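Residues per chain are reported as follows:
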Amino acid sequence: RNTMMSKLFLAALATAATAAPTKIPLAKDHNPERSLAHEHWLLKSKYGVHDPQPVPITNYMNAQYYGPIQLGTPAQDFKVIFDTGSSNLWVPGTKPWLLNHPRRYHSDKSSTYTKDGRAFKIQYGSGALQGVVDEDVMTLGGATARVQFGESTKEPGIQWQVAQFDGICGLGWPTIAVDGLEPPFFKLMDQKAVSKGSFAFYLTGTPGEGSELVLGGTDPAHHSGDFHYVPVTRKGYWQVLGDKVTVGGESVGTNIQAVIDSGTSLNAFPKSVAKAINAKLGCTPNFAGECMWKTCPAAGSLPDLVLTMGGKDFALSQEDYILNIQGVCLSGFMGLD
């Protein structure tokens, strides 16, 4: 799972602007007691002119990659997940029941704040995140633009208030943005704050810093050769066609619509495909929706999973897709219809 993310550069192509690439370093935290069932919950909830400047992105519990943004004048710092599976920016507000958040947006402390006041609501599986729409300046890796964003006043469930990140910065298309708010990256392009309309991720499997989001280009230090491009089939999520999925050379699914989602730590397939994959890998489903082995498989004993996109094969080896949590081995593949 993490290795696949480590090797993935997401190039989200759009209209060109006029500045040099902006680098945003990502960091990663690690917690061996991370529950895969909680990752299932997160995933299901979701789908119901500057020089390059490194900004650390954190890898939390091998599951969340987040990094810094600033809002307002003077700047107020936040840690957000950069999420290609959504299109809105939101951060915590100052309501009393959000006191668990160490960082909250204070509109009264920003000289560049403009009141909007519209209601803001995003529906998750555990309930609705609610708030109001604000407008202020956002700085992301040295690139600055005025943006509209959600200031949360109510968050659904304790999971949000104990998370290591403060909010979410959506990098999807405007068509799925709540309230029709233009996504932050599109605002950066409109205001010519980035070099061109592309961004790329370099995500490591190592806890702490070392990962990176680059706005307006790519970082040649993290890749070689040519990029392989796959057409977007729906301009909402970054959705592409997966030609086929094979395990050990045997096909388990074809013509699968796939979302390249930087905010998700699992590999989700249609339930029938995930069931076939895990059956071939020999794990057993449990009550929490996880698929686990009674004894961790010996190194090199399981076959590769190969996802073919745009005629090119992308292989995951056993070390990529098995999660070893304190001696308990779980499959990184889940079913989602």
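Being a predicted model, the structure only gives us computed values, none of them experimental.

## So, the nonpolar core
Here comes step 1: The biggest cluster of nonpolar side chains holds 57 residues, and the ones touching the most others in it are Leu 71, Phe 82, Leu 188, Leu 213, Leu 215, Phe 269 and Ile 277.
Here comes step 2: Ile 122, Leu 129, Ile 168 and Leu 181 belong to the second largest nonpolar core, which has 13 residues in total.

## Let's talk about the pattern of salt bridges
Here comes step 1: Under the definition given, this model contains 5 salt bridges.
Here comes step 2: Ionic pairing is found between Asp 166 and Arg 103, a salt bridge with its closest N-O pair at 2.7 Å. Placement of the pair is Asp 166 in the loop between helix 3 (158–161) and strand 9 (167–170) and Arg 103 in the loop between strand 5 (89–92) and strand 6 (114–124), with a sequence separation of 63 residues.
Here comes step 3: The exposure class of Asp 166 is buried, given its relative accessible area of 2%.
Here comes step 4: Assessed through its relative accessible area of 25%, Arg 103 is described here as partly exposed.
Here comes step 5: Note that Lys 187 and Glu 182 form a salt bridge whose closest N and O atoms lie 3.6 Å from each other.

## So, the side chain of Glu 155
Here comes step 1: Along the chain, the position of Glu 155 falls in the loop between strand 8 (143–154) and helix 3.
Here comes step 2: Buried within the structure, Glu 155 lacks any salt-bridge partner; Arg 104 is the closest side chain of opposite charge, at an N-O distance of 9.3 Å.

## Here we look at unusual backbone geometry
Residues other than glycine predominantly adopt negative phi, and peptide bonds predominantly adopt the trans conformation.
Here comes step 1: In this chain, Thr 73 is followed by Pro 74 through a cis amide linkage whose omega measures -5°.
Here comes step 2: Mapped onto the elements, Pro 74 comes out in the loop between strand 3 (64–71) and strand 4 (76–83).
Here comes step 3: Even without glycine at this site, Lys 192 takes up a positive phi of about 55°.
Here comes step 4: One non-glycine residue with positive phi stands out, namely Asn 255, at about 50°.

## Here we look at the confidence of the model for the protein chain
Here comes step 1: Looking at the protein chain as a whole, the pLDDT averages 83, with 80% of positions reaching at least 70.
Here comes step 2: Looking across the protein chain, the model is least confident in helix 1 (residues 2–7), with a mean pLDDT of 37, and most confident in strand 18 (residues 305–309), with 97.
Here comes step 3: Below pLDDT 50 for its whole length, residues 1–18 participates in 68 contacts with residues either more than four positions away or in separate chains.
Here comes step 4: Across residues 49–54, confidence stays below pLDDT 50; counting only partners more than four residues off in sequence or on other chains, it has 27 contacts.

## Some points on the state of the cysteines
Here comes step 1: Counted by the stated rule, this structure contains 2 disulfides.
Here comes step 2: Covalently, Cys 283 is tied to Cys 291 through a disulfide, its sulfur atoms 2.2 Å apart. Judged by the sign of its S-S torsion, about 100°, the bond between Cys 283 and Cys 291 is right-handed. Neither Cys 283 nor Cys 291 differs from the other in exposure class; each is buried.

The rules we used
Residues numbered from 1 in each chain as written. Predicted model: local features only at pLDDT ≥ 70, side-chain atom pairs only at ≥ 80, totals over all residues. Heavy atoms only, no water. Core = buried A, V, L, I, M, F, W, Y, C linked by side-chain atoms within 4.5 Å. Buried < 20%, exposed > 50% of the residue type's maximum accessible area, 1.4 Å probe, protein only. Salt bridge = Lys/Arg side-chain N within 4 Å of Asp/Glu carboxyl O. Helix = DSSP H or I, 4+ residues; strand = E, 2+ residues; numbered from the N terminus. Lys, Arg positive; Asp, Glu negative; His and termini not counted. pLDDT = per-residue confidence, 0-100. Contact = heavy atoms within 4.5 Å. Disulfide = S-S within 2.5 Å.

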